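An overview of the molecular structure
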Amino acid sequence: MADAQAAAANDSSAAAAAAAAAAAADGTIAEPLDLVRLSLDERIYVKMRGDRELKGRLHAYDQHMNMVLSDVEETVTVVTVNEETFVELVS
């Protein structure tokens, strides 16, 4: 039974690789990572948790969305709230 599951997993990963190769050949976007692939060597904008933003040139990435960027500009937005008036102050 384990051999059949391993064979099915290999078949599905081979099918996914074939679909990705076909998408790469014609420039279509079939999966979310295809859009990232089309952005290689382009300047991208990444919005992160904690009000952090990155702008830089994308050189590489993996299936976990780890990215290699160069010429990066990082912007951190700090929001403070006035306790008396509850007005947000962005800096």
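Now for a quick tour of the structure.

Here is what the cut-offs are and how they apply
- Residues numbered from 1 in each chain as written.
- Predicted model: local features only at pLDDT ≥ 70, side-chain atom pairs only at ≥ 80, totals over all residues.
- Heavy atoms only, no water.
- Core = buried A, V, L, I, M, F, W, Y, C linked by side-chain atoms within 4.5 Å.
- Buried < 20%, exposed > 50% of the residue type's maximum accessible area, 1.4 Å probe, protein only.
- Helix = DSSP H or I, 4+ residues; strand = E, 2+ residues; numbered from the N terminus.
- Contact = heavy atoms within 4.5 Å.
- Salt bridge = Lys/Arg side-chain N within 4 Å of Asp/Glu carboxyl O.

**Regarding the nonpolar core**
Side chains of a nonpolar character, in soluble globular proteins, are inclined to be buried together. Counting five residues, the largest nonpolar core is built from Val 36, Ile 44, Val 46, Leu 54 and Leu 58. Of all the elements in the fold, those that place two or more residues in this core are strand 1 (43-48) and strand 2 (52-61). Among all residues touching Ile 44, those that are not within four sequence positions of it are Ser 39, Leu 54, Lys 55, Gly 56, Leu 58, Met 67 and Leu 69.

**As for the pattern of salt bridges**
Counted by the stated rule, this structure contains four salt bridges. A salt bridge links Glu 53 to Lys 47, with the shortest nitrogen-to-oxygen separation between them at 3.9 Å. Note on Lys 47: relative accessible area 55%, which makes it exposed. For Glu 74, the salt bridge identified is with Arg 52, shortest N-O distance 2.7 Å. Of the two residues, Glu 74 is situated in strand 3 (residues 67-76) and Arg 52 in strand 2; the sequence distance between them amounts to 22 residues. Taking the relative accessible area as the measure of exposure, Glu 74 reaches 44% and is therefore partly exposed. For Arg 52, a relative accessible area of 32% puts it in the partly exposed group.

Distances and angles like these do not, on their own, reveal function.
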